[in-house]
Amino acid sequence: MKKLLIPLIILATLATGIIYFIVLVSPENQAEGAAEEFYAYEQSGAFAESWEMLHPLMKEKFPKGTYIQDRSDVIMNYFGVLHFTYSFEDVEEIKNWLPAVDKEPIPTVYRITVSQHFNGKYGNSTLIQDVYMTEVEGEWKLLWDYENMDS
């Protein structure tokens, strides 16, 4: 009986470890981890670092200097934000996602609904926005949806 119990315990432990590893490194979890990194940069005012995490299509739309200035102005100055937190809803895989009317579809993205909770001089407010994470050359990049807007 003891001879059978030890291999069963080892097998159960290995199976649990493998399942945990598979879930931990799933694309959904990686996408969410990258979104977490992006918003941590934004929260700390490190807009140069968050810009680096933008997809090349977003970098075309927002040159680095413009992005840094705009994000700082809008978040910190215009809204008078003293502090903000954020939270995510479930991650959803989407195939052949179209980022803008005149762009090619991206084969796989992960949509994450982000709620940013701002505490500012004009009171508390929440901005809810979908972001889309995809891998580009082995790095996770963030996009916003411009499909129904003129570029």
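Going by what an unreviewed UniProt entry lists, the protein is known as DUF4878 domain-containing protein and is assigned to Virgibacillus kapii.

Once that is clear, we can look at the pattern of salt bridges. Tallied over the entire structure, the rule returns seven salt bridges. With its nearest N and O atoms 2.2 Å apart, the salt bridge here joins R111 to E92. With a gap of 19 residues between them, R111 in strand β2 (residues 106-120) and E92 in strand β1 (residues 81-97) connect regions that are remote in the sequence. With a relative accessible area of 38%, E92 lands in the partly exposed category. Beyond isolated ion pairs, a larger network of salt bridges with shared partners links E52, K59 and K64.

For the structure on display, the rule yields 11 aromatic pairs. Their ring planes at 80° and their centres at 5.0 Å tell us that F38 and Y39 sit as a pair that is edge-to-face. As far as the burial class goes, F38 and Y39 line up, both buried. Here the aromatic rings of Y86 and F88 are separated by 5.7 Å at their centres, their planes lie at 35°, and the arrangement is tilted. These aromatic residues form a ring-pair network of at least three members: F38, Y39, F62, Y67, Y86, F88 and W144. For the cation-ring pair, K59 lies above W51, with the distance from its terminal atom to the ring centre recorded as 4.6 Å.

Cut-offs used in this document
- Residues numbered from 1 in each chain as written.
- Predicted model: local features only at pLDDT ≥ 70, side-chain atom pairs only at ≥ 80, totals over all residues.
- Heavy atoms only, no water.
- Salt bridge = Lys/Arg side-chain N within 4 Å of Asp/Glu carboxyl O.
- Helix = DSSP H or I, 4+ residues; strand = E, 2+ residues; numbered from the N terminus.
- Buried < 20%, exposed > 50% of the residue type's maximum accessible area, 1.4 Å probe, protein only.
- Phe/Tyr/Trp six-rings, centres within 6.5 Å; stacked < 30°, edge-to-face > 60°.
- Lys NZ or Arg CZ within 6 Å of the ring centre and 35° of its normal.

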